[in-house]
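# Chain and residue survey
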Amino acid sequence: METFDKQPSEDYPIDLDWTGRLPPGKTLSSVAASAKRTDTGADATTLVLGSASPTVSGAKAAVRVKSGTHGIDYQITLKSTFSDGSVLEDDWLMRVREL
């Protein structure tokens, strides 16, 4: 799981790039995003993500991260569905810290 830090007031996109990892002849059809607090497991999708439906372009997906509470870590999950119906997940650990 990739880890990154952000401050509570920051708002920017993070990208998931399947280029070079897609099976031959398969395309990225859709992506769903979710987020949860790592300490309680509580859903935090609306708090820290700009949308639960990331933008898809070719083999790439982008979702905006925003807000968050200082000192709290969040697990962000992107579920990618491909043209053959297969589904893969990618997770990030977002640590929110006021510097």
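In what follows, the accompanying structure is described. (Residues numbered from 1 in each chain as written. Predicted model: local features only at pLDDT ≥ 70, side-chain atom pairs only at ≥ 80, totals over all residues. Heavy atoms only, no water.)

### A word on the sheet that holds strand β4 (residues 55–57)
- Judged by pairing direction, the sheet is antiparallel, and its three strands sit side by side in the order β2-β5-β4 without closing on themselves. Both edges of this open sheet fall to β2 (12–17) and β4, since each of them pairs with a single strand only. Across this sheet, the average inter-strand angle for adjacent strands is 25 degrees, counted without regard to direction.
- Looking at chain direction, β4 and strand β5 (residues 60–65) are connected through three bridges and run antiparallel. Considered in β5, the bridge of S57 is made with K60. (Pairing = 2+ DSSP bridges. Helix = DSSP H or I, 4+ residues; strand = E, 2+ residues; numbered from the N terminus. Axes fitted to C-alpha atoms, helices over the stretch in contact; angles between N-to-C directions.)

### Let's talk about the nonpolar core
- Ranked by size, the top nonpolar core spans 23 residues in total, and within it L49, I76, L78 and M94 carry the most contacts.
- Contributing elements (two or more residues each) for this core: β2, β3 (28–37), β5, β6 (73–82) and β7 (87–96).
- Discounting residues that sit within four places of it in the chain, L78 has contacts with L16, V31, A32, A33, P54, V63, L88, E89, D90 and W92. (Core = buried A, V, L, I, M, F, W, Y, C linked by side-chain atoms within 4.5 Å. Buried < 20%, exposed > 50% of the residue type's maximum accessible area, 1.4 Å probe, protein only. Contact = heavy atoms within 4.5 Å.)

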